[in-house]
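Descriptive structure summary
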Amino acid sequence: MMQTYRPRRSVLYIPASNDRALAKIATLACDAVIIDLEDAVPPADKVAVREKLAGILTERPNRRCEMIVRVNALGSEWGIDDVLAAAKGEADGILLSKVVTPREVLEAGDLLDDNFAPDTVKLWAMVETPKALLNIGALAELGRDPASRFTCFVAGTNDLVKETGVLATPDRRYLMPWLMQLVLAARAGGLDVLDGVFNDFRDADGFARECVEAAAMGFDGKSLIHPAQIEAANRAFAPAPEALAQARAVKAAFALPENAGKGVIALDGKMVERLHLAQAEKLLAKAAAIGA
């Protein structure tokens, strides 16, 4: 059965302390914004900025892009109150930082349940440490349990570079094995997965290339640091016209009376299975959601 698709092609970080950037959310064409309470806010300001969160979440843009809140680590002095504030404002998602094991995700879920947060408040997790990558299979498995609220991985590529000491080359050759491992785990757990940020927002060509590469790797979208990156991300992670035409053909073929109940059919001289039908329906749902 075709499920409702929520596009996450372009997901823009916005510091919760940046009032000018927050005021522009309604004008942005991104699929989601991440209101950042963590790295973008100095320790001295974290409590005051958190107190602004209710107003930020209340003033949702008319186009209703997803509103995600990145909270400080649960083990920090701010983490639990961050989660509760995001839940009270009924954020669409809470992005957990510094996640290492499934325990952090489960604890955040328990916190939401204990405080009667709506089921619509989902959990996302940053993958930004070697230990998180080593535990990626166990983390992904949580995605198979709807009660966990867990729906999305976000690659923290800058932190992975810092923590491992690998060289950050333009082609990301040393990061590539870990990124592919992250995509594989996300698919095993039925989760969405977002590529990490591209730091030089003035390099439009380099960013566009990285988006195309990430889409080819299987990522659902990319996390962004500047509004100028939105258009390229939306374009790269949208279904190609040729792929949409093929998906429509596969769906139409399986809908023919003579193919009812068949697991395998022939289409344009090629074998097509019902798994291809499922892929086609998912792609068409994605296109419908973004108006492609």
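Residues numbered from 1 in each chain as written. Predicted model: local features only at pLDDT ≥ 70, side-chain atom pairs only at ≥ 80, totals over all residues. Heavy atoms only, no water.

As for the packing of aromatic side chains
Any two aromatic rings considered together are summarised by their centre-to-centre distance and by the angle between their planes. Heads up, the condition is: In this analysis, rings of Phe, Tyr and Trp, with Trp reduced to its six-membered ring, are considered paired at centre separations within 6.5 Å, and the interplanar angle assigns stacked below 30 degrees, edge-to-face beyond 60, and tilted for intermediate values. The rule is simple: take the accessible area with a 1.4 Å probe, protein chains only, and divide by the maximum for that residue type; under 20% is buried, over 50% is exposed, in between is partly exposed.
Per the counting criterion, the structure on display carries two aromatic pairs. Between F150 and F153, the aromatic rings sit 5.4 Å apart at their centres with planes inclined by 80 degrees, giving edge-to-face as the arrangement. By relative accessible area, F150 is classed as buried at 4%. Under the relative-accessibility criterion, F153 is labelled buried at 0%. Here F198 and F207 contribute two aromatic rings whose centre-to-centre distance is 5.9 Å and whose plane-to-plane angle is 65 degrees, an arrangement assigned as edge-to-face. When its relative accessible area of 14% is taken as the criterion, F198 is described as buried.

Topic: the pattern of salt bridges
Note the following rule: Any carboxyl oxygen of Asp or Glu that lies within 4 Å of a side-chain nitrogen of Lys or Arg is treated as forming a salt bridge with it. The secondary structure listing takes helices from DSSP runs of H or I that are at least 4 residues long and strands from runs of E that are at least 2 residues long, numbered from the N terminus.
Inspection of every chain in the model, using the stated rule, returns 24 salt bridges. Here R70 and D36 are joined by a salt bridge, their closest N and O atoms 2.8 Å apart. Pair noted here: R70 is in strand 3 (residues 66-71) and D36 is in strand 2 (residues 32-36), with a separation of 34 residues, a long-range link. Note that D113 and R149 form a salt bridge whose closest N and O atoms lie 2.9 Å from each other. Remark: R149 occurs in the loop between helix 7 (136-141) and strand 6 (150-155) and D113 occurs in helix 5 (residues 102-114); sequence separation between them is 36 residues. On the accessibility criterion, D113 (38% relative accessible area) is partly exposed.

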